[in-house]
Structures are given as C-alpha cells and as structure tokens.
Amino acid sequence: TINVVKAEDLLKSPDALAQAIQKSRNRVLFIDEAYQLLKAPHIIDQLVEKTNPDAVDFPFCAVCAGYAEDMDRFMDYNAGMDRRFDVIRFDTYTPDDLMQILNLVLPKNYPNFTVTEGFLQKTATHFQKYQETIAAKFNAGYIGIYLEEAESLLYEKFALQYNKNETPPAEAYVLDE
C-alpha cells in the first residue's frame, strides 16, 4: 500500500515527516514534488537519517518524485542520498501515451461515464496542441486535471438541463465534444 504525501505538506509542521513515516510503516512512502523539501533542508536530513537501514523505524520504502532538474538538485543536497535512493528517470509522455493512460483511467475513475469518439478525438487533438506545456508542467498528472475539467463541464450542463433536486439519468453521463 502506498502513502502519498506532497512535499509541501511535510513543510507545514515539524513532525510531519515523522507522522508520514509512522503511517508508512511496512508500506511505501511516496513524496511527490520532493525537491520542495529543499526549502527546509533539515527535513531532507531527517529523511536521510530515517532511511538508514540500521534505523529502528526503517521498515518502509521511500520514493521521492519530481521533475528531473529539480530532483537532481534534491539529490545533490546530501551525500547520503546516493546511498539510499536509486534514481529512475521516466520519459516525458507523448500525446499517444497520454491517450493510453486516459483510456486506462477513465473506466477505473469514471465507471458510470460513457465516452464518445468525438471526445476522444478532441482530447487527442488537445494533447497534441499543448504537448510542450503538458510535458513541462504536468506530464501524466495532466490526465486527472483534464478529466476533472470535463466532469465539471458535464455537471454545469446538468445544472442547465435538470432541476436542483432531479438526478440526471444514467445515460446522461456522457463525455462528448
């Protein structure tokens, strides 16, 4: 099981890392945007200390994620990082990759939604048009943002078509052009 925390949440209180580690005991602690911990280097020092295999509270796996350049700075901060973390680099997703991810995410996260071919074509065109921006700022995380926006637009449409107390029929949950 994975315990996902954003680095910014670890910056909010002095014992946030300790709490995250405790919650991750015998699990995976995934720190998203870990390079943000450079704002409070003592937290990185704590992480290095806690990921020492001899540490009492080490039975967890720590994964620190972020964009390549930012993570290079993060890894360079403390010499102990190289001994405790392997660096795995993921390629930037292409528009085709994003469409494959979208097709995996849709049935899992939106099982009651129907998707039209027009929606998929519009989405593929969108991913192609904004490919550089998506790669620079979001990568695969953009899928969630995109689908939340599509869902929001659908609910706005519902607000215009249905009364407040009326539940839209199941066949109305269609993502289309």
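Right, let's walk through the structure included here. Numbers given for residues are sequential positions, taken from 1 along each chain in its written order. In keeping with the predicted nature of the model, local features appear solely for residues at pLDDT of at least 70, side-chain atom pairs appear and are counted solely at 80 or more, and the whole-chain, interface and lining totals rest on all residues. Processing note: side-chain calculations cover all non-hydrogen atoms of the structure and skip hydrogens and water entirely.

1. As for the overall build of the chain
Going along the chain from the N terminus, every DSSP run of H or I of four or more residues is numbered as a helix, and every run of E of two or more is numbered as a strand. Helix and strand counts for the chain stand at 9 helices and 5 strands. Listed by position from the N terminus, the elements making up the chain come as β-α-α-β-α-β-α-α-α-β-α-α-α-β. Taken over C-alpha atoms, the radius of gyration comes to 21 Å for the chain, far larger than the 16 Å a tight globule of 177 residues would show. Dimensions of the chain, computed from the C-alpha atoms along their principal axes, are close to 60 × 35 × 25 Å. Considering only residue pairs separated by 6 or more positions, the chain has 69% of its internal contacts joining residues 24 or more positions apart. Reported accessibility uses the Shrake-Rupley method at a 1.4 Å probe radius. Residues are deemed covered only where the shown protein chains occlude them. Surface exposure of the chain reaches about 11,500 Å², of which carbon and sulfur atoms provide 50%. Two residue types count as positive, namely Lys and Arg, and two as negative, namely Asp and Glu; His and chain ends fall outside the count. By convention, charge coordinates are those of NZ in Lys, CZ in Arg, CG in Asp, or CD in Glu. Distance between charge centres in the chain, computed from 17 positive and 28 negative side chains, equals 5 Å. Between the two quantities, the radius of gyration covers C-alpha atoms and the globule rule is 2.2 Å times the number of residues to the power 0.38. Residues are treated as being in contact if the distance between any of their heavy atoms lies within 4.5 Å.

2. Observations regarding the environment of asparagine 139
Residue placement: asparagine 139 occurs in the loop between helix H8 (131–137) and helix H9 (142–161). Identification of polar contacts relies on pairs of N or O atoms within 3.5 Å, with a donor-acceptor requirement for protein atoms, meaning one able to donate a hydrogen and the other able to accept it, and with residues adjacent in sequence counted only if both atoms are side-chain atoms. Of note is the side chain of asparagine 139, whose polar atom sits 2.9 Å from the backbone nitrogen of tyrosine 93.

3. Some points on the packing of aromatic side chains
The criterion for an aromatic pair is that two Phe, Tyr or Trp rings (for Trp, the six-membered ring) have centres within 6.5 Å, with stacked assigned to planes under 30 degrees apart, edge-to-face to planes over 60 apart and tilted to the rest. Applying the stated rule across the entire model yields 11 aromatic pairs. Ring plane angle 65 degrees and centroid distance 5.7 Å describe the contact between tyrosine 155 and phenylalanine 158, whose orientation is recorded as edge-to-face. Here the residue tyrosine 155 and the residue phenylalanine 158 both occupy positions in helix H9, the gap between them amounting to 3 residues, near one helical turn. A 1.4 Å probe rolled over the protein chains alone gives each residue an accessible area, and that area as a share of the maximum for its type sets the label: buried under 20%, exposed over 50%, partly exposed in between. Tyrosine 155 sits in the partly exposed class, given a relative accessible area of 38%. According to the relative accessible area criterion, phenylalanine 158 is buried, its value standing at 7%. Here the aromatic rings of phenylalanine 158 and tyrosine 173 are separated by 5.0 Å at their centres, their planes lie at 80 degrees, and the arrangement is edge-to-face. Note that phenylalanine 158 is positioned in helix H9 and tyrosine 173 in the loop between H9 and strand E5 (174–175), a separation of 15 residues in sequence. What makes tyrosine 173 buried here is its relative accessible area of 17%.

4. Quick word on the pattern of salt bridges
Pairing is possible between side chains of opposite charge, provided their charged atoms come close. The salt bridge criterion pairs a side-chain nitrogen of Lys or Arg with a carboxyl oxygen of Asp or Glu, the two atoms within 4 Å. Applying the stated criterion across every chain yields a total of 4 salt bridges. Measuring nitrogen to oxygen at the nearest pair gives 3.0 Å for the salt bridge that ties arginine 73 to aspartate 70. Of the two residues, arginine 73 and aspartate 70 are both situated in helix H4 (residues 68–77); the distance of 3 residues between them amounts to about one turn of the helix. On the basis of relative accessible area, arginine 73 is assigned to the partly exposed category, the value being 47%. Of the charged contacts in the structure, one is a salt bridge between aspartate 72 and arginine 89, with a shortest N-O distance of 2.4 Å. With aspartate 72 in helix H4 and arginine 89 in the loop between helix H5 (81–84) and helix H6 (95–109), this residue pair connects regions lying 17 residues apart in the sequence.

5. Describing a nonpolar patch on the surface
A contiguous nonpolar surface patch, about 230 Å² in accessible area, is contributed by Tyr67, Phe138 and Ile145. Structurally, phenylalanine 138 can be placed in the loop between H8 and H9. Its relative accessible area of 31% is what places phenylalanine 138 among the partly exposed residues. Each patch is built from salt-bridge-free residues with over 30% relative accessible area, joining like charges within 9 Å and nonpolar side chains (Val, Leu, Ile, Met, Phe, Trp, Tyr) within 5 Å.

6. A short note on the pairing of strand E2 (residues 28–32)
Residues Leu29 and Ile31 of E2 are buried on one face, while the alternating residues Val28, Phe30 and Asp32, pointing to the opposite face, are not. Two strands qualify as a pair provided that DSSP identifies no fewer than 2 bridges between them. Bridge analysis of strand E1 (residues 2–6) against E2 gives 5 bridges, and the strand direction is parallel. When the bridges of E2 are listed, isoleucine 2 appears paired with valine 28. Relative to strand E3 (residues 61–64), E2 is paired through 4 bridges, and the arrangement is parallel. Of the residues in E3, the one forming a bridge with phenylalanine 30 is valine 63.

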